[in-house]
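Descriptive analysis of the structure
Chain residues, written in single-letter form:
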Amino acid sequence: MEFQGFPRIHSIFYAVFDIIKGTVVKHQVPEGSITPQMQDALNEPTKTLIDFESISEYIIPKKQLYKRLVTICTNGYKVMGCPVVLHDHEKYRHFRNEFRFNLCFVFEQDAETSSYEAVVRKLSRVLEGLELECNFLSKDVSSESQTVQNVIEQLFEDLNSYCECQIPINTFNTINLKLFPTYPNPRTVYDYQVPVCTVDVKKMMNPNWDITVQKVASLINGIHHVKRIAELANVKGEWARQSMEHMMYYGCIIMTDIFQYSNVYAVKPEITRLFDPKYGLAQECLGYIMLPNAPEISVERVYALYCGLKYGLTVKDWMEEQQLSSFYIDERRVISFGVIKGLIYRVHKYPILAIINKYTGATIHPDIIPYLDGKHHYDEICTDLECSPQELNEQLGCTQQQFEQSKHVVDTVYEDDKQNEGQPRWCVQFIFR
């Protein structure tokens, strides 16, 4: 997973609630970005990024929103802050017994700001602690103004330039911040999926890694499915899946389907990316699928190979049809590259138990019945029941010739139904998708 970088901070401002003026901006960086400042030469106010007055009620909001992350979009910008209120009858007797403030960041409206959420929350907690400890925010203007201004100036420069900052406040307090990229949660890992490494995980491992992750990672070879890896590593299936989800989160592995010569694949419109220099897939594909020391084939030929995949055609039949043995390429890598890059997709078989009014077929094993609801495909059923697709075909009473259509019916019934001729019978339908 490629990280695109952190969004730029366009402004940082510190606002407080004044008992006479209401919500006011006391400090801002850059100057004049939030509230107008008079220009010396022309004596005209500077142009601001946002209309502060229109959102001021959300900068210092109602009590229900205090100590919560508040984000407002206005004028093409996103304002993010975490307002704080402190109550003290003695200390804040000149401020109606409470002190309210907010330190806000301004970004472009469409920016991905999830990495800054923890920073904004932490800053509000740190400033609250500094105020409670040494009146950092509410002491005299003569000593306070320059200090807070210096803090937000350094925040603005360091976070934009270095994505981290260290700001000493006094002898005992320092503000330490660092931005970390955030990724979406990984998809759920299933027992029938096959992990494929995108980096050399074995070289990355060190003794500090979790023991289960080390055992699982060492067995990832692009062939074993998750359940098999859990068995070889002698760990619980749940632990193996969690370990792989953890590695998926950091982009170390991706999940694909079990490679079998009985699999069926079909091409996607994205196959045209092979010819687009912007993606660079052509040379990457050739370098990945060719056998060592073998002469490369043309990109056009690779394109033709992928376009030969279609409904009803197994990988074995596709290899014979395309005469793959004469090209010195690894058919497993051809398929895995196409699936990983989104050029082709797997056509799964979903068995569904239905009713007909005639009797044909043989007994269905009771263990298979719960999977015949149209929600479980062959890979999942075979992995859970530890059987091959051929054995499952025999149990369901179907043959390879019956898989040539995208939807078909194979008549199979319970053994007990033989005694009830003329009554509705169970049968199995197969849906390809």
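See above for the structure.
Let me begin by describing the structure that accompanies this report.

Reading guide: rules and limits
- Residues numbered from 1 in each chain as written.
- Predicted model: local features only at pLDDT ≥ 70, side-chain atom pairs only at ≥ 80, totals over all residues.
- Heavy atoms only, no water.
- Buried < 20%, exposed > 50% of the residue type's maximum accessible area, 1.4 Å probe, protein only.
- Helix = DSSP H or I, 4+ residues; strand = E, 2+ residues; numbered from the N terminus.
- Pairing = 2+ DSSP bridges.
- Salt bridge = Lys/Arg side-chain N within 4 Å of Asp/Glu carboxyl O.
- Phe/Tyr/Trp six-rings, centres within 6.5 Å; stacked < 30°, edge-to-face > 60°.
- Patch = residues over 30% accessible without salt bridge, like charges linked within 9 Å, V, L, I, M, F, W, Y side chains within 5 Å.
- Areas by Shrake-Rupley, 256 points an atom, 1.4 Å probe, with all protein chains shown as cover.
- Axes fitted to C-alpha atoms, helices over the stretch in contact; angles between N-to-C directions.
- Parallel < 35°, antiparallel > 145°, perpendicular 65-115°, else oblique.
- Contact = heavy atoms within 4.5 Å.
- Nonpolar A, V, L, I, M, F, W, Y, C, P; charged D, E, K, R; others polar.
- Polar contact = N/O pair within 3.5 Å; in protein donor to acceptor, adjacent residues only side chain to side chain.

The next point concerns the pairing of strand S7 (residues 164-168). Only one face of S7 is buried: it carries Cys165 and Ile167, and the other face, with Glu164, Gln166 and Pro168, is open. Summarising the sheet, S7 and strand S8 (residues 174-178) pair through five bridges and their orientation is antiparallel. Note that in S8 the partner of Pro168 across the bridge is Thr174. Joining the antiparallel neighbours S7 and S8 is a turn of five residues.

As enumerated under the stated definition, the model contains ten salt bridges in all. For the salt bridge of Glu231 with Arg228, the shortest nitrogen-to-oxygen distance reads 3.7 Å. Of this pair, Glu231 and Arg228 are both found in helix H6 (residues 226-233), three residues apart, which corresponds to roughly one turn of the helix. Residue classification places Glu231 among the partly exposed residues on the basis of a relative accessible area of 42%.

Another aspect to go through is the packing of aromatic side chains. What the rule picks out here adds up to twelve aromatic pairs. Taking 5.2 Å as the distance between ring centres and 75 degrees as the angle between the ring planes, the aromatic pair formed by Phe259 and Tyr261 counts as edge-to-face. We classify Tyr261 as partly exposed; its relative accessible area is 40%. Between Tyr288 and Phe337, the ring centres sit 5.8 Å apart and the planes meet at 35 degrees, which makes this aromatic pair tilted. Of this pair, Tyr288 sits in helix H8 (residues 281-289) while Phe337 sits in helix H11 (residues 331-340), and the two are 49 residues apart along the sequence. Within the aromatic cluster, the residues linked to one another by ring pairs are Tyr14, Phe99 and Phe101.

With that settled, consider a nonpolar patch on the surface. Where nonpolar side chains cluster on the molecular surface, the patch consists of Ile19, Ile20 and Phe95 and spans about 290 Å² of accessible area. Relative to the elements of secondary structure, Phe95 occurs in the loop between strand S5 (84-87) and strand S6 (98-108). Look at Phe95 and you get partly exposed, because its relative accessible area is 32%.

Turning our attention to the packing of H8 against helix H9 (residues 299-307). In a pair of packed helices, the angle between the axes and the distance between the axes together describe the arrangement. One can describe the packing of H8 onto H9 by two numbers: an axis separation of 10 Å at closest approach and a directional angle of 75 degrees. The angle between the axes of H8 and H9 places the two elements in the roughly perpendicular class. Each of Ala282, Cys285, Leu286 and Ile289 in H8 lies in contact with H9, whose residues at this interface are Val299, Val302 and Tyr306. Tallied by class, residues from the contact of H8 with H9 come to seven nonpolar, no polar and no charged.

Right, let's talk about the side chain of Asp379 for a bit. Mapping Asp379 onto the fold places it in helix H12 (residues 378-385). Among the polar contacts made by the side chain of Asp379, one reaches the side chain of Arg346 at a distance of 2.8 Å. When residues no more than four places from it in sequence are discounted, the contact partners of Asp379 are Tyr192, Asp257, Ile258, Gln260, Arg346 and His348.

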